[in-house]
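# A structural walkthrough
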Amino acid sequence: QNQKSFRVCYSFEDALLHQNEVEILMLRNNKKIKALSSRIGELKNLRIIDVSGTNLAFLPDEISNCSKLEEIKANAAKFVTIPTSLGKLQNLKILNFGYNKIENIPKSIALCSKLERVNFSDNSIKSIPEGFGNLKNLKFCSFANNKISEFSIEFIDLIGVYNLWLHGNEISYIPIEINRMNNLTHLLIDKKEIRNLEEIEQLLPELRIIDENNRRK
């Protein structure tokens, strides 16, 4: 008789009971979850945590002890903050905090050098943290539908990014230094708001600049 595997757990309680075995913690859409215990740090082999659709407003600092963590799915929850300790997660590849109430991103995120995909769309973010451009492995980056007023120089340094989503913000100018983003193929932005759009289109004729918000209307 095969013993039941607890590699994937659907409750925090089960995960703690099998903390050396659990690799994936699926708490998605569990509205009863309003906080996670600091004991999350005991899940040393955790690779993926999904708390999307929960009532969580923050993650405990101890999540940084989950050193094997590769993916955090936390979209459409109640998050207002991201722990600074996240910067200690050196194996993190995917970060999804879309559709929350986040205003600030800690500078320490720039230390997560293996990040490949970040989604902070539909929050209340006004600025990009210093050092964000150091994420050289980033391929997909979305800050769509926030409160960003300028095209940050940090974006310019994201030389690995293919897709950059910035529509639904208050950006009116794209610096010509965007031509340093050698891998950029798709830029989603509010085209009608960009006063030097023609200049950028001539500078980068191969770049697909997509007016996403207007395209959906």
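### Observations concerning the overall build of the protein chain
A tally of regular secondary structure across the protein chain gives four helices and 10 strands. The N-to-C order of helical and strand elements in the protein chain reads β-α-β-β-β-β-β-β-α-β-β-α-β-α. In terms of C-alpha radius of gyration, the protein chain reaches 19 Å, essentially the compact-globule figure of 17 Å for 217 residues. For the protein chain, with 217 residues in total, the buried portion stands at 49%. Look at the contacts in the protein chain between residues 6 or more apart in sequence, and 26% of them connect residues 24 or more apart. In the protein chain, 30 positive and 27 negative side-chain charges are present, and the distance between their average locations comes to 6 Å.

### Describing the sheet that holds strand β5 (residues 94-96)
Ordered in space as β1-β2-β3-β4-β5-β6-β7-β8-β9-β10, the 10 strands form an open sheet in which the pairing is parallel. Only two strands of the sheet have a single neighbouring strand rather than two, namely β1 (8-9) and β10 (208-210).

### Overview of the nonpolar core
If you look at the biggest cluster of nonpolar residues, it comprises 65 residues, and the most contacted ones within it are I72, F143, F151 and I178. Residue assignment for this core shows that the elements contributing at least two residues are α1 (12-17), α2 (153-156) and α3 (197-203). No other element matches α1, which puts three residues into this core. Setting aside residues no more than four positions away along its own chain, F151 makes contact with I156, L164, L166, I171, Y173, I174, P175, I178, M181 and L187.

### Some thoughts on the pattern of salt bridges
On inspection of all chains with the given rule, the structure shows 10 salt bridges. A network of salt bridges, in which partner residues are shared, links R7, E23, R47 and E70.

### Thoughts on the side chain of S108
Among the secondary structure elements, S108 is positioned in the loop between β5 and β6 (117-119). Contacts of S108, omitting those with residues within four sequence positions, involve T84 and G87.

### Some remarks on the packing of aromatic side chains
The geometry of an aromatic ring pair comes down to the distance between the two centres and the angle between the two planes. A complete count under the given rule lists seven aromatic pairs for this structure. The interplanar angle of 5° and the centroid separation of 6.3 Å between the aromatic rings of F97 and F120 together place this pair among those described as stacked. With a gap of 23 residues between them, F97 in the loop between β5 and β6 and F120 in the loop between β6 and β7 (140-142) connect regions that are remote in the sequence. Under the relative-accessibility criterion, F97 is labelled buried at 0%. Ring centres 5.4 Å apart and planes at 25° place the aromatic pair F120 and F143 in the stacked group. Here the residue F120 occupies a position in the loop between β6 and β7, and F143 occupies one in the loop between β7 and α2, the gap between them amounting to 23 residues. Counting every residue linked through ring pairs, the aromatic cluster contains F79, F97, F120, F132, F143, F151 and F155.

### Description of the environment of F120
Classification of F120 as buried rests on a relative accessible area of 0%. As for F120 and N75, which are separated by 45 residues in sequence, their C-alpha atoms are 8.6 Å apart. When residues no more than four places from it in sequence are discounted, the contact partners of F120 are I82, L95, F97, G98, I105, I109, I125, S142, F143, A144 and N146.

### Topic: unusual backbone geometry
Its identity as a non-glycine residue notwithstanding, N29 has a phi of 65°, on the positive side. Tracing the backbone through its elements, the reader meets N29 in the loop between β2 (24-26) and β3 (48-50). The phi angle at Y99 is positive, at roughly 60°, despite the residue not being glycine. Looking at the element boundaries, Y99 is found in the loop between β5 and β6.

### A short note on a nonpolar patch on the surface
On the surface, Y173, I176 and L203 cluster together into a nonpolar patch covering about 240 Å² of accessible area. Position of Y173 among the secondary structure elements: in the loop between β8 (163-165) and β9 (186-188).

### Things to note about the environment of R47
Looking at the element boundaries, R47 is found in the loop between β2 and β3. In sequence terms R47 and I174 are 127 residues apart; their C-alpha atoms lie 37 Å from each other. Residues within four places of R47 in sequence aside, it is in contact with R7, E23, I24, K68, L69, E70 and E71.

Each value, and the rule that gives it
- Residues numbered from 1 in each chain as written.
- Predicted model: local features only at pLDDT ≥ 70, side-chain atom pairs only at ≥ 80, totals over all residues.
- Heavy atoms only, no water.
- Helix = DSSP H or I, 4+ residues; strand = E, 2+ residues; numbered from the N terminus.
- Rg over C-alpha atoms; globule rule 2.2 N^0.38 Å.
- Buried < 20%, exposed > 50% of the residue type's maximum accessible area, 1.4 Å probe, protein only.
- Contact = heavy atoms within 4.5 Å.
- Lys, Arg positive; Asp, Glu negative; His and termini not counted.
- Charge placed at Lys NZ, Arg CZ, Asp CG, Glu CD.
- Pairing = 2+ DSSP bridges.
- Core = buried A, V, L, I, M, F, W, Y, C linked by side-chain atoms within 4.5 Å.
- Salt bridge = Lys/Arg side-chain N within 4 Å of Asp/Glu carboxyl O.
- Phe/Tyr/Trp six-rings, centres within 6.5 Å; stacked < 30°, edge-to-face > 60°.
- Patch = residues over 30% accessible without salt bridge, like charges linked within 9 Å, V, L, I, M, F, W, Y side chains within 5 Å.
- Areas by Shrake-Rupley, 256 points an atom, 1.4 Å probe, with all protein chains shown as cover.

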